[in-house]
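If you want the building blocks of each chain, they are given just below.
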Amino acid sequence: MSHIYIYSPSSAVRDKAAFKRGVNRLKTLGHEVEVDEAALTSHTRFAGDDATRLAAVARAAASGADVALISRGGYGLTRLLPELPYKQIAKAVEKGTRFVGLSDFTALQCALLAKTGATTWAGPALGEDFGTEDTPDDIMEACFDDMVCGQGEGTGWQLPKSDLPALAARAKKPVEETPPLQVRNAILWGGNLSVLCSLVGTPWLPKVKGGILFLEDVNEHPYRIERQLTQLLHAGILGEQKAVLLGTFNRYKVSPHDRGFKLQTVVDWLRSKTKTPVLTGLPFGHVPTKVMLPVGQKVELLVQGRDALVFWG
């Protein structure tokens, strides 16, 4: 049985029913669940004022839990970056606590990697994933369980067909003769695109060269996604990576003004501007089916045909 500590470092929990469902489902799965004393605190849009949320992060680090799981994302962690207890968090990671989350949690993950090199996990949040009214996604649960048990060794997915011509063009071969793409010994890092872009030019963005950068976002129109990717491109960050993996970008609406400008337009344009391979379809983001990704860990990437595999076992 694993000890899971639930805390709220970002936005306030408004959906108390989802929070309760998430706690009950984790208990049903056989976990011991401990809820932070301020997990349901509210201060304007935040889960408590800055001091309250900093204290919650410190308690999560001191909990001795197997997993420290955020209740939800939203916004708030970038405000805390100068004062986060990095040494305490890194020490907790060293002792076996796995810090898990996504979205706004990207700020803590990147800052911790930049300051200490410690590994965290991009993965589910309590309310969004375990607290859903429907049955939680099977793949998400299985990947989470593998991480909890220390059995997770990697993740695989099938690239969309639209990726194949780009890989072939990069190799200067016909699609049917495209050689495998293999990246070894690369640090996996990234997360939410908007949050990551907000860290550019600050001490909290990791300086990763020869890494594998994964990105996702929600409620962002394709032109905004392109603008943010352009910032990473012009800052030299994309060119320093061995691969860029794009997860899910969803919950946006195109308009008549777009005249055919869409997410694929953005991907095609980005590929024309960088020599770094850009792969899509990574099962991660604000979607039910999401895998677990070790942020800050060295991994290998293998792409053969439409089959893509990231592994660290």
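See the structure shown above.
Residues numbered from 1 in each chain as written. Predicted model: local features only at pLDDT ≥ 70, side-chain atom pairs only at ≥ 80, totals over all residues. Heavy atoms only, no water.

**Q** Is there a simple way to think about the pattern of salt bridges in this case?
**A** A side chain with one charge can pair with a side chain of the opposite charge if their charged atoms come near. This structure, assessed with the given rule, holds eight salt bridges. Put simply, Lys-290 and Glu-128 hold a salt bridge, and the shortest N to O gap is 3.9 Å. Of the two residues, Lys-290 sits in the loop between β10 (278-280) and β11 (293-295) while Glu-128 sits in helix α5 (residues 126-130), which places them 162 residues apart along the sequence. Using a relative accessible area of 35% as the deciding quantity, one classes Glu-128 as partly exposed. The salt bridge involving Asp-129 is made with Lys-290; its shortest N-O contact spans 2.5 Å. Separated by 161 residues along the polypeptide, Asp-129 in helix α5 and Lys-290 in the loop between β10 and β11 bring together distant segments of the chain. Its relative accessible area of 4% is what places Asp-129 among the buried residues. (Salt bridge = Lys/Arg side-chain N within 4 Å of Asp/Glu carboxyl O. Helix = DSSP H or I, 4+ residues; strand = E, 2+ residues; numbered from the N terminus. Buried < 20%, exposed > 50% of the residue type's maximum accessible area, 1.4 Å probe, protein only.)

**Q** Help me out: how do you make sense of the layout of surface pockets in this one?
**A** A water-sized probe rolled over the atoms picks out the places where empty space is left. Quantified by volume, the largest pocket comes out at close to 300 Å³. Looking at the largest pocket, it is lined by 15 residues, and the ones nearest its centre are Ser-71, Arg-72, Gly-73, Gly-127 and Glu-128. Counting residues per element, the ones that place at least two in the lining of the largest pocket are α1 (16-28) and α5. Its residues placed into classes, the lining of the largest pocket shows four nonpolar, six polar and five charged. (1 Å grid on protein atoms, 1.4 Å probe; cavity = no way out; pocket = protein on both sides within 12 Å on 5 of 7 lines; lining within 4 Å. Points joined across faces, edges and corners; volume = space filled by probe spheres on them. Nonpolar A, V, L, I, M, F, W, Y, C, P; charged D, E, K, R; others polar.)

**Q** For this particular structure, what's the right way to read unusual backbone geometry?
**A** If a residue is not glycine, its phi is most likely negative; likewise, a peptide bond is most likely trans. Notably, Asn-185 is not glycine yet its phi reads approximately 55 degrees, a positive angle. Of note, Asn-185 is situated in strand β7 (residues 181-192). A positive phi angle, close to 50 degrees, is found at Arg-259, a residue other than glycine.

**Q** Before we go on, may I ask you to explain the sheet that holds β10 in this structure?
**A** Whenever strands of a sheet pair, they do so through backbone hydrogen bonds, lying parallel or antiparallel. Ordered in space as β6-β13-β12-β7-β8-β9-β10, the seven strands form an open sheet in which the pairing is mixed. One side of each edge strand has no neighbouring strand; the edge strands of this open sheet are β6 (154-158) and β10. Across this sheet, the average inter-strand angle for adjacent strands is 30 degrees, counted without regard to direction. For strand β12 (residues 298-304) and strand β13 (residues 307-311), the ladder comprises five bridges, and the chain directions are antiparallel. Bridge pairing in β13 links Gln-304 to Asp-307. On top of the sheet, helix α7 (residues 163-171) reaches β7, β10 and β12; it is set at about 160 degrees to β10, its chief contact. (Pairing = 2+ DSSP bridges. Axes fitted to C-alpha atoms, helices over the stretch in contact; angles between N-to-C directions. Contact = heavy atoms within 4.5 Å.)

**Q** Got a minute to help me understand the environment of Ile-225 in this structure?
**A** Within the element layout of this structure, Ile-225 appears in helix α9 (residues 222-234). Sequence spacing of Ile-225 and Asp-145 is 80 residues, and the spatial spacing of their C-alpha atoms is 32 Å. Excluding its chain neighbours within four sequence positions, the residues that come into contact with Ile-225 are Leu-193, Glu-220, Phe-249, Leu-263 and Val-266.

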